[in-house]
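The primary structure of each chain is shown beneath.
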Amino acid sequence: MGRATTGEDLQDNKDTAFTWEVKANNAAYHQQFREKGFLCWRRRKYQTNGIHTAKYSIFSFLPLNLYEQFHRVSNLYFLLIVILQSIPEISTLPWITLFIPLLCLLLIRATRDLVDDIGRHRSDRIINNRPCQMLIGKSFKWRKWKDLCVGDVVCLTRDSIVPADLLLLASTEPSSLCYVETADIDGETSLKFRQALAVTHYELISAKTMAAFNGTVICEDPNSRMHQFVGSLEWKSKTYALDIGNLLLRGSKIRNTDACYGLVIYAGFDTKIMKNCGDIHLKRTKIDLFMNKLVVLIFLSTVVVSLLLSLGFWLQGREMKDKHHYVSISHGKGLFVESILIFWAFFILLSVMVPMAMFIISEFIYLGNSAFINWDLQMYYEPHDVPAKARSTSLNDYLGQVQYVFSDKTGTLTQNVMSFKKCCIGGRVYGPDNEDGTCPKENPYQWNEFADGKLSFFNEELLGIVRNKRDKVVQEFWRLLAICHTVMVQEKDNQLLYQAASPDEEALVTAARNFGYVFLSRTQNSITLVELGEERVYEVLALMDFNSDRKRMSVLVRTPEGSICLYTKGADTVIFERLYKRGVMEANTEKILSAFTEQTLRTLCLAYKEVEEHTYQQWQPRHEAASVQLQDRARALQQVYSDMEQGLQLLGVTAIEDKLQDGVPDTISSLKKGNMKVWVLTGDKQETAVNIGFACQLLTDNMLILEARDVNIILDSYGEQNKMVQTPKRSLRFQLQNEVAMVISGEFLDHLLVSLRKEPRAVIQSEVEDKAWQEMSAIRRFSMMWWSLGTSLSTRGSKGKRKQESPEARRERAFVELASRCQAVICCRVTPKQKALIVALVKKYQKAVTLAIGDGANDVNMIKSGWLGVGRGGADPRGPRSRSALPTAADIGVGLAGQEGMQAVQNSDYALGQFCFLQRLLLVHGRWSYLRICKFLRYFFYKTVASLVGQIWFAFYSGFSAQPLYEGWFLALFNLLYSTVPVLYIGLFEQDVSDAQSLKMPELYMAGQKNELFNYWVFSKAIAQGLFTSLVTFFLSMWIIRDTAGPNSLGDYQSFAVVVALSSLLSITIEVMLVVKYWTLLFLGTVLFSLGSYFILTYATQSLWAYRLVPKTFPFLYVLHNVLSKAPFLLVVLLNIAVNTLPILALRIFRHVLKKPRFREEVEAAPSEVSEEPLPQLRRESRIRRSSYAFSHREGYGNLITQGTSLRRPRGDNSDTNVPSGFLPDEVEEALPSTPREPRKISFLTARWPGQAVPGQLVVVC
């Protein structure tokens, strides 16, 4: 449990303050402290345990939401227009006609934000109202989580969730051990143990003694370091050291422990898991941000045009007054004032260039595309009744632009289910008899009374060999699996129940159990099996525990016959080098291992040897001496273990399948074809993560895998290079000639992410971490070798910007550049906060669209909206953000409804049932949404310019008087009815290819990544085409009527206005028919509806009845009827349509003929990016085959067993009467909560065979 502290660590972390003082059972003490908050407000230093992750409250919703909404430049623009329209002197339309649409737009968005926030409030309420037992007075009473405060003592029972960060005081287990599962924190489902201090273990034996407990804990201030804690307990004039092994973290789940008791150290937002969470911020898409820039551009253009037109009025003002007295111009004001009024009048008239209808319709488009995701039955996961759900309605187009996918492993890529798939014994493979790997309908293990029916593996031949006892190697194979492990066993409902520290071990021991080699019980120095119905007790002479360096575990036992055997299991790389011979059987086994590797199965090699008595007698004193050695004990023990683990005889290989979710390899392959980079971020071990990488085809055997040492060499060479003068010859692009992958750890990232880290380095580091980093530092001495070879990384920033960067920032930039050129990146042993920091790193230096997907609470930080303050010191999630804050969450968060709860779903933008549905979400719905919104915006700008820029041309013929060209009702209804419905169809239903073709051709997805469908060039083309249409429509009509007169003339203003309006409407309608590729009856209905609404409503507004009712509001009397009834008018309209359409159509046909398929060009152009100098080979020693070893076991359980720490003594043994684990006096037992503290039956063995138990046998309960 202890961790080494070095002087360098203390010097580097002098900013870490140990000012957090917790007094047990003293709430009044903590309530008196205050610290500075926002402005003059002072908040409590010690927070309650209630959390509030919602953005809004009842009082803050309206001002905060309006503040966020008016961050959109378009809303500010519309508000300005409404204010201007309310001024009578310059108004062209009643202000209410613009205010109501703006209000509707704000209400739609506010309602959407409110619904999302209500969900957060509901989630907070559920969490805060969870029950727990809190010590009140001298007894434990049920209270809610939100009622807990720092210093309270709580009681937790089996399967309870830890409500706050607790100091473990005692438990019902021996030595006050407590077993926890941290799947919601780091994604690991293997059990971890925590242990109370010996002083609290012996002293705090009842509720009465706990109520009298007045110890003081002094520790580091709240921080986000999940795996580190430093503090001390002062009690009874003595001080006791505390570390992370004494702390129960919020979000952990109590397992295999009847009851435990803890002191609240950090509560609410001060807990480590909450410190790993960021604030919620508004996610904005690229198109949304781009629209802000376009609104500013259009605004400036409108101002410039209005200034020019008002200048024209200034020059022609006097002439207009003298010659054209019938034009209404204000009198009694100076020309300068009139020009200013004309400027604002033109500004209002041209304000329709940013149509409010476009933003309102876009909200319905986003809502509709979200509904299509919810209704997609092909993304419905029937086994768990989980449909796809778009929890955010404003990010659909972002789904079509994703460049990086950050995925969790456990529960996201895998099912988190281990199954015994195959085995190799004596060089022969035994696989399942059935192709699907399932057992026959009739249970083949019924002959075994201990069989649990969980084993899906069945091989009739192997089972016959086992039952007939014909092969000694087979017997030793299964005996090894039943002996060599650290599994705990207990009896429940007259059945054996195994509790393993890893799912791998449970699968292996369960397989042996079903094949007749049943692990029954263990003591501190013995282990009992039932081998094919015969009970056998083995004396345990030594248990050589697994760790990441040894990659193996061994048990030295004395058999009932008196012989000594060593049983070893571990990685093939360490087992094969310890064999006493390498014969034919060993060679065949290596080939079989290669086959298992290709099938991405997790393998363990099994070996044993018989040890001579005199050899053991010589080895045993050395083992005892190493066990009590004070210095370098671990190294001494490892050497002693290694001496014994020599000359082994190979028994065989086990192959376990870590089942992937359905369709994971195909999904990752499709995403990679769509030019998306997939990074796996997991809290699991490196071997396990790499094995899954191969299983899901993220990694391949021909890839060069860069590990932390290799990455450091490259980054160090880059750092040395930056110290020298950069010249074009030396600034070489980094080129990886082979397919390269990167596998790094959270420890490496902790040293790398300096500029993004909010807190100083941890004061305490593990010995393993220090050792690993020292090795990395030693490698730096060889960094100049890479400089001499000319290796360099290219950076995307400007030279001036690079010079201003710190060395740490340059190193981060180089790392991201290197990682972005890798085909796959796997980050192991990372904390939730490190996951978010990795996302922030990519967003900071790559400016890419990122997506994060996960299924547990440990993935929430990278999924939900979060901010990271780059400022110094810990940032409070409730306080103001740093000036240099940047978002840490991915642009899109996808939550899976998995086995680790619903936390990820509740904080996500999109919820799915399986990882494979991500393929359809991105390649179909995402690409379609991006295509639709881009076409919608492009066409909307085109039609707006094509129809309404005629106002500018008309100004040259109206004396720059700001007189509208069109009828007022045409302007009001143009974007509401006349041209809106076909545009809405584009935004909701447009498709370039079907969904099946989208999945078959992932290369089509790259258009969104490159912003090809809507950018400045596309916008310019839309504006240019609109200008062309408006020029043709206006000036062609003007040129025809210039010298005409008579009843068929277009010379009157109203007829000319209607002809131009009708020509524009029909031209843009034909354009939409040419643009849309997905023709349906619904589309034809939208076209007919738009044209029909124009004719019907125009006839209504130009009727005699309307004219008589309000002449000034309906001045156009039967104008459309006159235009349609005269052939010359119709010919002009047809001519305008033809000139507007035919040239554009011809140009598109010409481009289509010359254009080649996009993805073929990409494939052909790929080799063009070649560096001037290749990367030197980083490949280490070449191996004939890749090891598929992956074993998710944790070090430490062996010591618990050999020392008897985790073993409970039976009744009658009062050697440890002070242990609060079922041995308390009756009156004390009654004082404690009603939690079962009595030990279970002595053992499953004594229950079945009375009188046959070994005297003094210990019973294992976990």
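Just so we're clear, the structure is a prediction, and the values are computed from it rather than from any experiment.

**Section: the overall build of the protein**
The helix and strand inventory of the protein stands at 46 helices and 39 strands. In the protein, of all internal contacts separated by at least 6 residues, the share reaching a separation of at least 24 is 77%. Carbon together with sulfur atoms contributes 56% to the accessible area of the protein, which is approximately 53,800 Å² in total.

**Overview of the sheet that holds strand β29 (residues 677–681)**
Here we have nine strands laid out as an open sheet, ordered β16-β37-β36-β33-β17-β29-β32-β31-β30, and mixed in their pairing. This sheet does not close on itself; its edge strands, each paired only once, are β16 (389–390) and β30 (704–706). Where strand β17 (residues 404–407) and strand β33 (residues 850–854) come together, four bridges link them in parallel fashion. Considered in β33, the bridge of F406 is made with A852. Contacts from helix α21 (residues 686–695) reach β30, β31 (740–745) and β32 (824–828), with the element oriented near 150° to β32.

**Section: the sheet that holds strand β12 (residues 238–243)**
Taken in spatial order, the four strands make up an open sheet running β1-β10-β11-β12, and their pairing is antiparallel. Edge positions in the sheet fall to β1 (20–23) and β12, since each of these pairs with one other strand and no more. Across the sheet, the mean angle separating the axes of adjacent strands is 20° when strand polarity is ignored. With six bridges connecting them, strand β11 (residues 230–235) and β12 associate as antiparallel partners. Across the sheet, residue L233 finds its bridge partner in β12, namely Y240.

**Quick notes on empty space enclosed by the protein**
Under the defined criterion, the tally for this structure stands at 14 cavities of 30 Å³ or more. Considered as a void within the structure, the largest cavity measures approximately 220 Å³ in volume. If you trace the largest cavity, you find 19 residues lining it, with R109, D288, S362, E363 and Y366 closest to the centre. Put simply, the parts of the chain that give the lining of the largest cavity at least two residues each are α5 (96–128), α10 (286–323), α12 (356–375) and α31 (917–948). Counting residues per element, the lining of the largest cavity draws most heavily on α12, at five residues.

**Focus: the UniProt feature "active site" (unreviewed entry) in the protein**
Under the local residue numbering, the UniProt record ascribes the feature "active site" (unreviewed entry) to D408. Position of D408 relative to the elements: it lies in the loop between β17 and β18 (414–425). You can call D408 buried: its relative accessible area is 1%. In this structure the side chain of D408 is engaged in a polar contact, spanning 3.3 Å, whose partner is the side chain of K835.

**As for the packing of aromatic side chains**
Overall, the coordinates contain 55 aromatic pairs when judged by the stated rule. Taken together, Y77, F78, F299, F343, W344, F347 and F359 form an aromatic cluster joined through their ring pairs. In this structure, K23 is placed above the aromatic ring of Y29, and the distance from its NZ or CZ to the ring centre is 5.1 Å. Taking the ring centre of Y942 as reference, the NZ or CZ of R938 above it sits at 5.9 Å.

**Observations regarding the side chain of T412**
By secondary structure assignment, the location of T412 is in the loop between β17 and β18. By relative accessible area, T412 is classed as buried at 0%. A distance of 3.5 Å separates polar atoms of two side chains, one belonging to T412 and the other to D408. Polar contacts involving the side chain of T412 include one to the side chain of D855, which spans 3.4 Å. Residue contacts for T412: discarding those within four places in its chain leaves S407, Q661, I853, G854, D855, L896 and F915.

**Considerations on helix α28 (residues 832–846)**
Given a rise of 1.5 Å per residue, 15 residues ought to cover 21 Å, and the 21 Å separating the end C-alpha atoms of α28 matches this to within 8%. Most of α28 is tucked away, with 14 of its 15 residues classed as buried. Note on α28: the residue one or two positions beyond its end, K847, has a positive phi of about 55°.

**A short note on helix α19 (residues 633–644)**
Taking 1.5 Å per residue as the helical rise, α19 with its 12 residues ought to reach 16 Å, and the 17 Å between its terminal C-alpha atoms agrees with that figure. Taken residue by residue, α19 has A636, L637, V640, Y641, S642 and M644 as its buried positions. In this structure, the buried residues of α19 make contact with β24 (534–544), β25 (552–558), β26 (564–570), β27 (602–611) and α18 (613–627).

**A closer look at the nonpolar core**
With 95 residues, the main nonpolar core has M291, F936 and F1014 as its most contacted residues. By residue number, the principal contributor to this core is α31, which donates 12 residues. M291 has contacts with M358, F359, L937, F941 and F1014, leaving out every residue within four places of it along the chain. Within the second largest apolar cluster, 60 residues are counted, among which are L508, V557, L606 and Y608.

**As for the environment of E707**
Tracing the backbone shows E707 in the loop between β30 and α22 (708–722). Put simply, E707 and F748 are 41 residues apart on the chain and 9.9 Å apart in space, counted from C-alpha to C-alpha.

**Overview of the packing of helix α4 (residues 73–85) against helix α11 (residues 335–349)**
Contact geometry of α4 with α11 gives a least axis separation of 10 Å together with a crossing angle of 130°. Taken together, the axes of α4 and α11 lie oblique to each other. Judged by the sense of rotation from one axis to the other, the crossing of α4 with α11 is left-handed. Between α4 and α11, the residues in contact are Y77, L80, I81, L84 and Q85 and W344, F347 and I348, respectively. Of the residues belonging to the contact of α4 with α11, the class tally is seven nonpolar, one polar and no charged.

**Digging into the pairing of strand β9 (residues 191–195)**
Most of β9 sits inside the fold, with four of its five residues counted as buried. The pairing of strand β8 (residues 177–181) with β9 spans five bridges and is classified as antiparallel. When the sheet's bridge partners are listed, C178 is paired in β9 with R194.

**Quick notes on unusual backbone geometry**
In this structure, D385 takes a positive phi of about 55° despite not being glycine. When you line up the elements, D385 lands in the loop between α12 and β16. Look at D385 and you get exposed, because its relative accessible area is 54%. Of note, K847 is a non-glycine position whose phi angle comes to about 55°, a positive value. Inspection of the secondary structure puts K847 in the loop between α28 and β33.

**Quick notes on the packing of helix α38 (residues 1053–1075) against helix α42 (residues 1127–1154)**
Where α38 meets α42, the closest approach of the two axes is 9 Å, and the angle between their N-to-C directions is 30°. With respect to α42, the element α38 is oriented roughly parallel. Remark: the crossing between α38 and α42 carries right-handed chirality. Across from V1059, L1062, S1063, L1066, S1067, I1070, E1071, L1074 and V1075 in α38, the residues of α42 making contact are V1132, V1133, N1136, I1137, N1140, T1141, I1144, L1145 and R1148. Looking at the contact of α38 with α42 residue by residue, the class counts come to 11 nonpolar, five polar and two charged.

**A closer look at a nonpolar patch on the surface**
A cluster of nonpolar side chains, contributed by V304, L308, L311, W314, L315, F336, V337 and I340, occupies part of the molecular surface with about 790 Å² of accessible area. At the level of elements, α10 and α11 are the ones that each hand at least two residues to the nonpolar patch. Among the elements that take part in the nonpolar patch, α10 stands out by supplying five residues, more than any other. Position of V337 among the secondary structure elements: in helix α11. Its relative accessible area of 40% is what places V337 among the partly exposed residues.

About the criteria used
Residues numbered from 1 in each chain as written. Predicted model: local features only at pLDDT ≥ 70, side-chain atom pairs only at ≥ 80, totals over all residues. Heavy atoms only, no water. Helix = DSSP H or I, 4+ residues; strand = E, 2+ residues; numbered from the N terminus. Contact = heavy atoms within 4.5 Å. Areas by Shrake-Rupley, 256 points an atom, 1.4 Å probe, with all protein chains shown as cover. Pairing = 2+ DSSP bridges. Axes fitted to C-alpha atoms, helices over the stretch in contact; angles between N-to-C directions. 1 Å grid on protein atoms, 1.4 Å probe; cavity = no way out; pocket = protein on both sides within 12 Å on 5 of 7 lines; lining within 4 Å. Points joined across faces, edges and corners; volume = space filled by probe spheres on them. UniProt positions renumbered as here; feature names shortened; annotations may be inferred. Buried < 20%, exposed > 50% of the residue type's maximum accessible area, 1.4 Å probe, protein only. Polar contact = N/O pair within 3.5 Å; in protein donor to acceptor, adjacent residues only side chain to side chain. Phe/Tyr/Trp six-rings, centres within 6.5 Å; stacked < 30°, edge-to-face > 60°. Lys NZ or Arg CZ within 6 Å of the ring centre and 35° of its normal. Expected span 1.5 Å × (residues − 1). Core = buried A, V, L, I, M, F, W, Y, C linked by side-chain atoms within 4.5 Å. Parallel < 35°, antiparallel > 145°, perpendicular 65-115°, else oblique. Left-handed = near helix turned anticlockwise from the far one by under 90°. Nonpolar A, V, L, I, M, F, W, Y, C, P; charged D, E, K, R; others polar. Patch = residues over 30% accessible without salt bridge, like charges linked within 9 Å, V, L, I, M, F, W, Y side chains within 5 Å. Salt bridge = Lys/Arg side-chain N within 4 Å of Asp/Glu carboxyl O.

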